[in-house]
Amino acid sequence: MDPGGLSRTCVLVVVSVCVCLAMGSPIGNSTINCDTGGNKDLGAVNDGYTGDVEVVDGIKAGSGVKLVPYIFAAHLEFLELSFTLGQTSATVRTKKPLDADELAATDSTLYYSIMCDGLIKYNNTRTLKINDVNDKRPVFTQKLYNISVSETQRVDTEVLRVTAVDADSSTENNRVTYSMVPASEDFVVTSSGVFILKRRLNYNVVQQYNFTVTAQDKFGLNDTATALIDVEDFDNLNPYFGHNLYQASIPENRVGVFGAIQPEAIKAQDGDKGINVTVTYSISAVSPDDYRRNFDIDPWSGALSAVIAFDREQMNSSVISVSIEAAQTDDGLKTAAAVVSVTVEDVNDNIPEFDQPDYSVTLLENSPVNAVLFKPIVTDLDQGGFVGTLRILPESAPFSIGSDGTVRVKNSTALDRETIESITFQVEARETNPPNNVVIARVSVTLLDENDNSPEFTSSIYEGTVFANQTGGIVLVQVKAEDPDADVNGQIKYSIDFGNNDGYFSIDENTGEISLAKTIPLVENVMLEFPLYVTARDGGIISRSSSTQVIIRAPGDSKPQFLQNPYYGTVAEEQAPGVVILRVNFHAITAETPATLRVETEADKFAISPSGEFTTKVKLDYDEGPHNYSVEISISDGSNSDSAVVEVQVTDVNDNSPVFASSPVTKSVPEDADVGSNVTVVPAADKDSSFNKEIRYSLRGGEGRFSIDPVSGMVSVAGALDRETKAEYSMLVVAEDQGRPARSATAALLVQVSDINDNVPEFSKAEYQVEVSEAESVGTSLLTLSAVDPDEGANGRVTYSIFQQVPSSDPAVFELDSSSGTLRLVQPLDYSEVKVYSLMVRASDGGTPSLVGNGSVVVKVEDVNNNPPEFSKESYDVAVSENLASGASILTLEVTDRDEGGFSNGYFLYSNDTFDINKQGVVSLRKDVTLDREKTDSYILQVVAVDQAADGLRATAQLNITVLDYNDNAPQFPVIPDPLQIPEGDYSEENPGEIFTIVPTDADLGLNGEVALSLIYPHPLFRFREDGTLLAVGPLDRESRETYDLLVKASDKGSPQREVPFYTGSSPYLALNSETGEVVLTSDIANVTVDTTLELTAMAKDHGRPPLNSTARVVVNLRIVSLVEGVFRELLLQLQPT
């Protein structure tokens, strides 16, 4: 094989032709000589000449002459002979302008001959030099040159040679120089058409250069061609990431593949874009290293994932640096690195906490509104601490809490220690963010006493009596005051502030007992009164006090008597006994015997108490009894008495209550009744007359949904009704007369709200989701849907149905029980056909018209590995060149699997030492293997695709790889006799002489193996026929020249073309390796028994345009040396330049 890929080699053979027999005449003189022949050089003429070339005389009268070819028959195309028989001269003139360029092969020299008629036809040869004129422009041999150059090509080396040919024959006119546009810093073109690389190529910067090359001769004639230089990428660059730093985030309690990665998804690629070898990804480091196990990266896609969840609250920092690496699959040392900065986002997974589970605080009672009670502290381990709301439970508690947590007084009036000594409530902390965690702390508030209550006496007035027989120190009366304040604030001291001017009385400051301090001189028939003003004072810092009056009487001897006569009083009828009609005022000084009051007349109806209260003893009836009574009363102390009359008037009262016609009353009203529509009348009657029987109606209850006309008692709808919210209302209808006091009656009214179909059935979920294995049996219940309709009866009776299935099928895949809502599978599932079904379901009630609620069910079909993988083809046919680079990819096997995940978890089984197949199905040549078509021209691989590691299903395909021929073998010459023999003779193109047939061989195929023979330097006397036969096409005269050395080239037709040079004179024992230059033995030399010298000439030829070469003489001496063991041959190689 040719590792260079761009070399061009040819096989060259030098053939020596020996002419053994001579025929013809020697050269004649300058005039025609029909006796012996001759030759003449006519000199030179300019290119393009037309007219007479030569006038020939000396022709014998009656003799004929004709124009015949001389060496080159084609030269006669330019000339014609003007001659008439009988004349002694003839004229050679041009048939077309002479062209030096067409005669360039003969050095711009025109050859022809004039032959005389006769028994022996002698030639008079002529040569005419044509001076070249610059009338031809250069012409490129190709209009388009296209070559591929590796980016590893060395600087200052040849990469391309363009060739233009100028058909002008002279060196001055046909010398061509080259230039190119546009100018380039990477390439220059020399004046000889050679493109030289001046700067290292970079495939990633430029993949192709497009130049216009101009070939120009000295005088400005030119031609252009296009030169395309394709840059071949070489695997010399490491892969690279699109970015050095990536940003990613993940909630602390999540695992799985990272979603959005900024600025874009992680991706690395081979820096050699033209090769673009696949890369694999790995994690090289994690900082902090403690989290190394939390991460994983897909080696093929580069998808970064968290495999172990994080706890942000346990982390010193929420940012983790993950160092990732991408390595080429063909060379693990070629890597790229990047960093993914991962932010672990906080998740609300911690419950807030109070700094204390319970709080006990004290507060002065009557503290003003906004007075600060205390401030609890709420903490939360989640990021940002506690974010939420605080509130007091119950809301009726007399405290409020601010957003900063400060608890303040909200209702000062409720802070009365005398009413309640302690208050207990709760503080609730509720997070704003889901899941809205709640924590509660208990608060116990003890109210501290404030001196906010004055002492209060138990009576507004106290009385005491001093009798004639009482002495000093006796207790007359005790006052008592109470103070609900605590401690000193509630401790009371008593004092007499006024009225004790004479000092008759004293008071115990602690007990409030008033005692006689000294004897009072009594006055007969006089009631002495001593009004005392007693003060009760508490012990508060700012003392509070209150006063009361104490009357001390000191009676002397006196006659009891009424203070007026008569007395008048009024009493309403039908009152219960004991009604106080009036208080009779009288005067009686009680000494030893108290006075007695009596009713003397109508004593069965009236009574009088010792204090003078005149009361009824029976119920009086205005309608049935007297309207007025005159009642005599008396007072007596046993010795003296007095009498008076009490005039009593009985008045009429409202003594009959309204009476309802019926109670309870039950009525029904539809829930869509309009506001203002009547429900029922609940009437009542009253036996009283006048205003006492006038009734006014009112309604208790009903939540504002009903009202009653106060005069008519008509109950009507006052607000919108909704049976589903409240189905019935229990109310009391109150009928009240206009008496004073008014009398009333109540009747129970039950209003039942009847249903109308005003509610749409509502599914418990807007969308139901269920996952079902594709292997699930037909008839299986998948889930039960539930819809609620709060209406009653048929209006609330729900039936279920499916009204759409996506994708649709006939028959349907699912069935929904109309009454139970159970969804069943009625057709088998196939994950490979449908992965998700969307069902639109309907819940309809039984109302008229029916109301409908819609929902959806998403049925996800779970895959079961029941589909084998499938190759895209049963047989893959691919052809590759035998010069395919080791490790190069050939094709990708396309494998699909209708199961979930496709063939992503699959792998390939095969047995072959030449090719590899990776997990992605890429078939490539092994890295340590090269192809050689001449040894193996095809490969057949049976490839098995297995869809999963455990119990995987399989598919098989055949891979047929045909190795295409690459021109990696040079042609080989057979053994050629040396020298070749041919008789001398007058040979021509029309009558050539066959010398020898050479059939070279080439192990390559097609054009690469087709070999053509040619002479490197064209010779006017020799050429090759297509079958390899060397022909003589010109006259050979052994006496003029006996041996010709011809340089023969054997070239195949491949690309790059290979050519091999060799000379005749090569021995059957030797061969020259065209690539290495080694001379090797080709056959056994055991039959060589004497010293032998072998000589040959070797040529070294470069690949330029035109190719340059050099030759060397090779001398091989075979010497025979006798040894005890036998005879061996020593090969001595001598190279002698010529």
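Not measured: the values here are computed from a predicted model. (Residues numbered from 1 in each chain as written. Predicted model: local features only at pLDDT ≥ 70, side-chain atom pairs only at ≥ 80, totals over all residues. Heavy atoms only, no water.)

**Focus: the overall build of the chain**
Then comes step 1: From N to C terminus, the chain includes three helices and 94 strands.
Then comes step 2: Taken over the C-alpha trace, the chain has a radius of gyration of 69 Å; the compact-globule value for 1138 residues is 32 Å, which it surpasses by more than 25%.
Then comes step 3: Principal-axis analysis of the C-alpha atoms gives the chain an extent of 225 × 70 × 70 Å.
Then comes step 4: The buried share among the 1138 residues of the chain stands at 41%.
Then comes step 5: Of the contacts made within the chain by residues no fewer than 6 positions apart, 68% connect residues no fewer than 24 positions apart.
Then comes step 6: Accessible area for the chain stands at about 58600 Å²; split by element, carbon and sulfur atoms hold 48% of it.
Then comes step 7: Distance between charge centres in the chain, computed from 82 positive and 167 negative side chains, equals 7 Å. (Helix = DSSP H or I, 4+ residues; strand = E, 2+ residues; numbered from the N terminus. Rg over C-alpha atoms; globule rule 2.2 N^0.38 Å. Buried < 20%, exposed > 50% of the residue type's maximum accessible area, 1.4 Å probe, protein only. Contact = heavy atoms within 4.5 Å. Areas by Shrake-Rupley, 256 points an atom, 1.4 Å probe, with all protein chains shown as cover. Lys, Arg positive; Asp, Glu negative; His and termini not counted. Charge placed at Lys NZ, Arg CZ, Asp CG, Glu CD.)

**Re the pairing of strand S34 (residues 422–431)**
Then comes step 1: In terms of strand pairing, strand S31 (residues 388–393) meets S34 through six bridges, oriented antiparallel. Each bridged residue has a counterpart across the sheet, and for Gly 388 the counterpart in S34 is Glu 431.
Then comes step 2: Direction of pairing for S34 relative to strand S35 (residues 438–448): antiparallel, over a ladder of nine bridges. When the sheet's bridge partners are listed, Val 427 is paired in S35 with Ala 441.
Then comes step 3: Turn length for the S34-S35 hairpin, with the two strands adjacent in sequence and antiparallel, is six residues, and the turn residue Asn 436 shows positive phi of about 55°. (Pairing = 2+ DSSP bridges.)

**Digging into the side chain of Asn 867**
Then comes step 1: The residue Asn 867 is located in the loop between strand S71 (852–862) and strand S72 (870–871) in this model.
Then comes step 2: Residue class for Asn 867 comes out buried when judged on its relative accessible area of 7%.
Then comes step 3: Looking at Asn 867, its side chain comes within polar contact range of the side chain of Asn 866, at 3.0 Å.
Then comes step 4: A polar atom in the side chain of Asn 867 sits 2.9 Å from the side chain of Asp 899. (Polar contact = N/O pair within 3.5 Å; in protein donor to acceptor, adjacent residues only side chain to side chain.)

**What to know about the packing of aromatic side chains**
Then comes step 1: Counted according to the given criterion, the structure contains 34 aromatic pairs.
Then comes step 2: Between Phe 187 and Tyr 209, the ring centres sit 4.9 Å apart and the planes meet at 80°, which makes this aromatic pair edge-to-face. Of the two residues, Phe 187 is situated in strand S14 (residues 187–189) and Tyr 209 in strand S16 (residues 208–217); the sequence distance between them amounts to 22 residues.
Then comes step 3: In this structure Phe 187 comes out as buried when scored by relative accessible area, which is 0%.
Then comes step 4: Residues Tyr 209 and Phe 211 carry aromatic rings whose centres are separated by 6.0 Å and whose planes lie at 10° to one another, so their mutual orientation is stacked. Accessibility assignment for this pair places Tyr 209 and Phe 211 in one class, buried.
Then comes step 5: Taking the ring centre of Tyr 831 as reference, the NZ or CZ of Lys 835 above it sits at 4.9 Å.
Then comes step 6: Over the face of the ring belonging to Phe 803 we find Arg 842, whose NZ or CZ atom lies 4.2 Å from the ring centre. (Phe/Tyr/Trp six-rings, centres within 6.5 Å; stacked < 30°, edge-to-face > 60°. Lys NZ or Arg CZ within 6 Å of the ring centre and 35° of its normal.)

**Observations concerning the sheet that holds strand S61 (residues 728–737)**
Then comes step 1: Spatial strand order, S55-S62-S61-S58: four strands in an open sheet with mixed pairing. A single partner strand is all that each edge strand has here, and the edge strands are strand S55 (665–670) and strand S58 (695–700). Looking at each pair of strands side by side, their axes are set apart by 30° on average, direction ignored.
Then comes step 2: Sheet topology note: the S55/strand S62 (residues 744–754) ladder contains six bridges and is parallel. The partner of Ser 668 across the bridge, within S62, is Gln 752. (Axes fitted to C-alpha atoms, helices over the stretch in contact; angles between N-to-C directions.)

**Digging into the confidence of the model for the chain**
Then comes step 1: The pLDDT averaged across the chain works out to 86; a share of 91% of its residues lies at or above 70.
Then comes step 2: Across residues 1–29 the pLDDT falls below 50, and counting only partners more than four positions away or on other chains, this stretch makes 144 contacts in the model.
Then comes step 3: This stretch, residues 1121–1138, has a pLDDT under 50; its non-local contacts, to residues over four places away or in other chains, come to 39 contacts. (pLDDT = per-residue confidence, 0-100.)

**Here we look at the pattern of salt bridges**
Then comes step 1: Applying the stated criterion across every chain yields a total of 42 salt bridges.
Then comes step 2: Between Arg 199 and Glu 185 there is a salt bridge, with the nearest N and O atoms lying 2.9 Å from each other. Of this pair, Arg 199 sits in the loop between strand S15 (194–197) and S16 while Glu 185 sits in the loop between strand S13 (176–181) and S14; the two residues are 14 residues apart in sequence, bridging distant segments of the chain.
Then comes step 3: Assessed through its relative accessible area of 43%, Arg 199 is described here as partly exposed.
Then comes step 4: Across the pair Arg 1025 and Asp 1027 runs a salt bridge, and its minimum N-O distance is 3.2 Å.
Then comes step 5: Taken together, the shared-partner salt bridges in this structure form one network comprising Arg 391, Glu 395, Glu 428 and Arg 430. (Salt bridge = Lys/Arg side-chain N within 4 Å of Asp/Glu carboxyl O.)

**Some points on the state of the cysteines**
Then comes step 1: The full count for this structure, using the stated rule, is one disulfide.
Then comes step 2: Note on cysteine connectivity: Cys 34 is disulfide-linked to Cys 116, with sulfurs 1.9 Å apart. Its S-S torsion of approximately -70° makes the covalent link between Cys 34 and Cys 116 left-handed. In this pair, Cys 34 sits in the loop between strand S1 (11–19) and strand S2 (38–46) while Cys 116 sits in strand S7 (residues 109–116), placing the two residues 82 residues apart along the sequence.
Then comes step 3: Assessed through its relative accessible area of 16%, Cys 34 is described here as buried. (Disulfide = S-S within 2.5 Å.)

**Details of the environment of Pro 376**
Then comes step 1: Looking at where Pro 376 falls in the secondary structure, it is placed in the loop between strand S29 (372–374) and strand S30 (378–379).
Then comes step 2: Taking the C-alpha atoms as reference points, Pro 376 and Thr 406, 30 residues apart in sequence, are found 7.1 Å from one another.

**Describing the environment of Gly 985**
Then comes step 1: By the secondary structure assignment, Gly 985 is in strand S82 (residues 985–986).
Then comes step 2: By relative accessible area, Gly 985 is classed as buried at 7%.
Then comes step 3: Sequence separation between Gly 985 and Pro 1035 is 50 residues, and the spatial gap between their C-alpha atoms is 5.6 Å.

**Digging into the pairing of strand S78 (residues 922–925)**
A regular strand places its side chains so that they alternate between the two faces of the sheet.
Then comes step 1: Of the two faces of S78, the one carrying Val 922 and Ser 924 and the one carrying Val 923 and Leu 925 are both buried.
Then comes step 2: Bridge count between strand S74 (residues 889–892) and S78: three bridges; the pairing is antiparallel. Looking at the pairing, Leu 891 lines up with Val 923 of S78.
Then comes step 3: In this structure, strand S77 (residues 915–917) lies alongside S78, joined through three bridges in antiparallel fashion. Along S78, the bridge assignment pairs Phe 915 with Leu 925.

**Examining the nonpolar core**
Then comes step 1: In terms of nonpolar packing, the biggest core is built from 28 residues, with Phe 241, Phe 295 and Val 322 touching the most fellow members.
Then comes step 2: With five residues, strand S26 (residues 331–345) is the single largest residue contributor to this core.
Then comes step 3: In contact with Val 322, other than residues within four places in its own chain, are Ile 283, Ala 285, Val 286, Phe 295, Leu 304, Ala 338, Val 339, Val 340 and Val 342. (Core = buried A, V, L, I, M, F, W, Y, C linked by side-chain atoms within 4.5 Å.)

**Points about the environment of Ser 712**
Then comes step 1: Mapped onto the fold, Ser 712 is located in the loop between strand S59 (706–708) and strand S60 (714–717).
Then comes step 2: Overall, the relative accessible area of 38% leaves Ser 712 in the partly exposed class.
Then comes step 3: The sequence separation of Ser 712 and Thr 413 amounts to 299 residues, and the corresponding C-alpha distance is 44 Å.
Then comes step 4: When residues no more than four places from it in sequence are discounted, the contact partners of Ser 712 are Val 681 and Tyr 697.
Then comes step 5: Within the structure, Ser 712 has its side chain in polar contact with the backbone nitrogen of Met 714 (distance 3.3 Å).

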